Amino acid sequence: MQAKIRAATLAASFAALAATLASGAALAQVDVSNAWVRGTVPTQAASGAFMVLHAHENAKLVGVSSPVGTAELHEMKMEGNVMRMRQIKSLDLPKMKDVELKPGGYHVMLMDLKSQLKKGDTVPITLKIEQGGKVTEQKVTAEVRDMVPAAAGASGSHGEHKH
Ligand SMILES: [Cu+2]
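Residues numbered from 1 in each chain as written. Predicted model: local features only at pLDDT ≥ 70, side-chain atom pairs only at ≥ 80, totals over all residues. Heavy atoms only, no water.

**Student:** Help me understand the overall build of the protein, please; the structure alone is not making it clear to me.
**Tutor:** Scanning the protein for helices and strands turns up 1 helix and 10 strands. Relative to its full complement of 163 residues, the protein shows a buried share of 39%. By sequence separation, contacts in the protein at least 24 residues apart represent 69% of the contacts at least 6 residues apart. Total accessible area on the protein stands at roughly 9700 Å², and carbon and sulfur atoms take up 56% of it. (Helix = DSSP H or I, 4+ residues; strand = E, 2+ residues; numbered from the N terminus. Buried < 20%, exposed > 50% of the residue type's maximum accessible area, 1.4 Å probe, protein only. Contact = heavy atoms within 4.5 Å. Areas by Shrake-Rupley, 256 points an atom, 1.4 Å probe, with all protein chains shown as cover.)

Laid out in structure tokens, this is it:
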């Protein structure tokens, strides 16, 4: 029994040590999950990319890029009765919190699309993450999900908004 407890304690301290070593690495400490892009119709020049970001240490998303077109970080929110979208310079990623990029909220705006984004395609997105005064790039692969007709609701009509 005693030996079992000691082994468990040892395993726990090893895990803590491994975590300490990992946080000292130069890699961006942001977990990305559920990355997806809204599919487009052939004539549509813009779409949005969404994902959940989780930083292990306080960080900031300071830039986005993608080979499929021009990428910008956007925020969408209600101002009175009007849904407005604007470009933002950075997005805070507080330590150990999920920050969700989703339709109707923060999103990666994809513009000047070079080709149609079809369901099942993948879109590479590079995130620039600032952490501890250093900026690192993190690659994400987003899956294209169901196509939305250009005439669909607010989050689907990205192509019409002016900057
Ligand atoms: Cu937008």
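**Student:** Help me understand unusual backbone geometry in this model?
**Tutor:** Note on backbone geometry: most residues besides glycine have negative phi, and most peptide bonds are trans. The residue N34 is not glycine, and still its phi comes out positive at about 50°. Position of N34 relative to the elements: it lies in strand β1 (residues 30-39). By relative accessible area, which is 43% here, N34 ends up partly exposed.

**Student:** What is the right way to read the coordination of the copper ion from this model?
**Tutor:** For a metal with four donors in a tetrahedral arrangement, the ideal angle between donors is 109.5 degrees, while six donors in an octahedron ideally sit at 90 or 180 degrees. Around the copper ion, the protein supplies H74 (ND1), M85 (SD), H107 (NE2) and M109 (SD) as donor atoms, at distances of 2.1 to 2.2 Å. All donors of the copper ion come from a single chain, and their spacing in sequence reads H-x10-M-x21-H-x1-M. Taken together, the residues M85 in strand β5 (residues 82-87) and H107 in strand β8 (residues 107-111) connect sequence positions 22 residues apart. Assigned by exposure class, M85 and H107 land together as buried. (Donors = N, O, S within 2.8 Å, 3.2 Å for Na, K, Ca; no water.)

**Student:** I would appreciate a short explanation of the environment of V68 in the present structure.
**Tutor:** By the secondary structure assignment, V68 is in the loop between β3 (59-65) and β4 (70-79). Separated by 47 residues in the primary sequence, V68 and S115 have C-alpha atoms spaced 7.4 Å apart. Residues within four places of V68 in sequence aside, it is in contact with L110, D112, L113, K114, L117 and V123.

**Student:** Sorry, what's going on with the nonpolar core here?
**Tutor:** If you look at the biggest cluster of nonpolar residues, it comprises 29 residues, and the most contacted ones within it are V37, M51, L61, L93, L110 and L127. In this structure L61 touches L53, L73, K89, S90, L91, L93, L127, K128 and I129, once residues within four positions along its chain are discounted. If you look at the next biggest cluster of nonpolar residues, it comprises 5 residues, including A46, M76, M85 and M109. (Core = buried A, V, L, I, M, F, W, Y, C linked by side-chain atoms within 4.5 Å.)

**Student:** What exactly am I supposed to notice about the pattern of salt bridges here?
**Tutor:** If charged atoms from side chains of opposite charge come close, those side chains can pair. Applying the stated criterion across every chain yields a total of 4 salt bridges. Notably, a salt bridge pairs E57 with K95, separated by 3.9 Å at the nearest N-O pair. Of the two residues, E57 sits in the loop between β2 (47-55) and β3 while K95 sits in the loop between β6 (91-93) and β7 (98-101), which places them 38 residues apart along the sequence. E57 sits in the partly exposed class, given a relative accessible area of 36%. Between E79 and R84 there is a salt bridge whose closest N-O contact spans 3.1 Å. Sharing partners across several salt bridges, the network here consists of E75, K77 and R86. (Salt bridge = Lys/Arg side-chain N within 4 Å of Asp/Glu carboxyl O.)

**Student:** Help me understand the packing of aromatic side chains, please; the structure alone is not making it clear to me.
**Tutor:** Any aromatic ring pair is given by two values, namely how distant the centres are and how the planes are angled relative to each other. Counted according to the given criterion, the structure contains 1 aromatic pair. Seen from their ring centres, W36 and F50 are 4.7 Å apart, and the 40° between their planes marks the pair as tilted. With W36 in strand β1 and F50 in strand β2, the pair connects residues that are 14 residues apart, well separated along the chain. Residue class for W36 comes out buried when judged on its relative accessible area of 14%. The class of F50 is buried, set by a relative accessible area of 1%. (Phe/Tyr/Trp six-rings, centres within 6.5 Å; stacked < 30°, edge-to-face > 60°.)

**Student:** Would you mind showing me how to read the side chain of Q44 here?
**Tutor:** Structurally, the position occupied by Q44 is in the loop between β1 and β2. For Q44, a relative accessible area of 11% gives the class buried. Among the polar contacts listed, one links the side chain of Q44 to the backbone oxygen of A46, at a separation of 2.9 Å. (Polar contact = N/O pair within 3.5 Å; in protein donor to acceptor, adjacent residues only side chain to side chain.)

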